[in-house]
Each structure stands twice: as C-alpha cells, then as structure tokens.
Amino acid sequence: MVTKAELGLIGDAELVEELSLLTTQTARMRARMADIMAELERRRCTKNVRPGVRR
C-alpha cells in the first residue's frame, strides 16, 4: 500500500498499476459482499418457511 506522502514520488505507470489493483480488489469485495448478503437472505427466507425447526 502506498502512503499519501509517497504518491508524489511515484511515476504515472506505477500509480495506474496501484489504482488497477485497488479497483480489482474492490470488485472482488463487492462480489463477496453480494454473495454473503444473498446467503443471509436465503437463510432468513428458509427460517420463515419452517418456523418450527430449531438448530
């Protein structure tokens, strides 16, 4: 990770590479969050269908 103070010392190509890496990581995190939210929703709906079942 690049600190704010180091940004002025880094060339354009390196900055674009860092930005690309962060964009890719963000996309992966968003996809993972969507998967987790979908799983939680699925579980919530499953519990409502079978209210008598306990774990």
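Above this text you will find the structure in question.
Residues numbered from 1 in each chain as written. Predicted model: local features only at pLDDT ≥ 70, side-chain atom pairs only at ≥ 80, totals over all residues. Heavy atoms only, no water.

This part covers the overall build of the protein. Scanning the protein for helices and strands turns up one helix and zero strands. Across the 55 residues of the protein, 0% fall into the buried class. Only carbon and sulfur atoms are counted for the fraction: they give 60% of the accessible area of the protein, which is about 5500 Å². (Helix = DSSP H or I, 4+ residues; strand = E, 2+ residues; numbered from the N terminus. Buried < 20%, exposed > 50% of the residue type's maximum accessible area, 1.4 Å probe, protein only. Areas by Shrake-Rupley, 256 points an atom, 1.4 Å probe, with all protein chains shown as cover.)

On to the pattern of salt bridges, then. Throughout the structure, instances matching the rule amount to three salt bridges. With a shortest N-O distance of 2.6 Å, R44 and E41 are connected by a salt bridge. Of this pair, R44 and E41 both sit in helix α1 (residues 12–49), three residues apart, which is roughly one turn of the helix. Owing to a relative accessible area of 37%, E41 belongs among the partly exposed residues under this scheme. It is possible to trace a salt-bridge network through shared partners that takes in E39, R42 and R43. (Salt bridge = Lys/Arg side-chain N within 4 Å of Asp/Glu carboxyl O.)

A separate point is the environment of R42. The topology assignment puts R42 in helix α1. R42 sits in the partly exposed class, given a relative accessible area of 46%.

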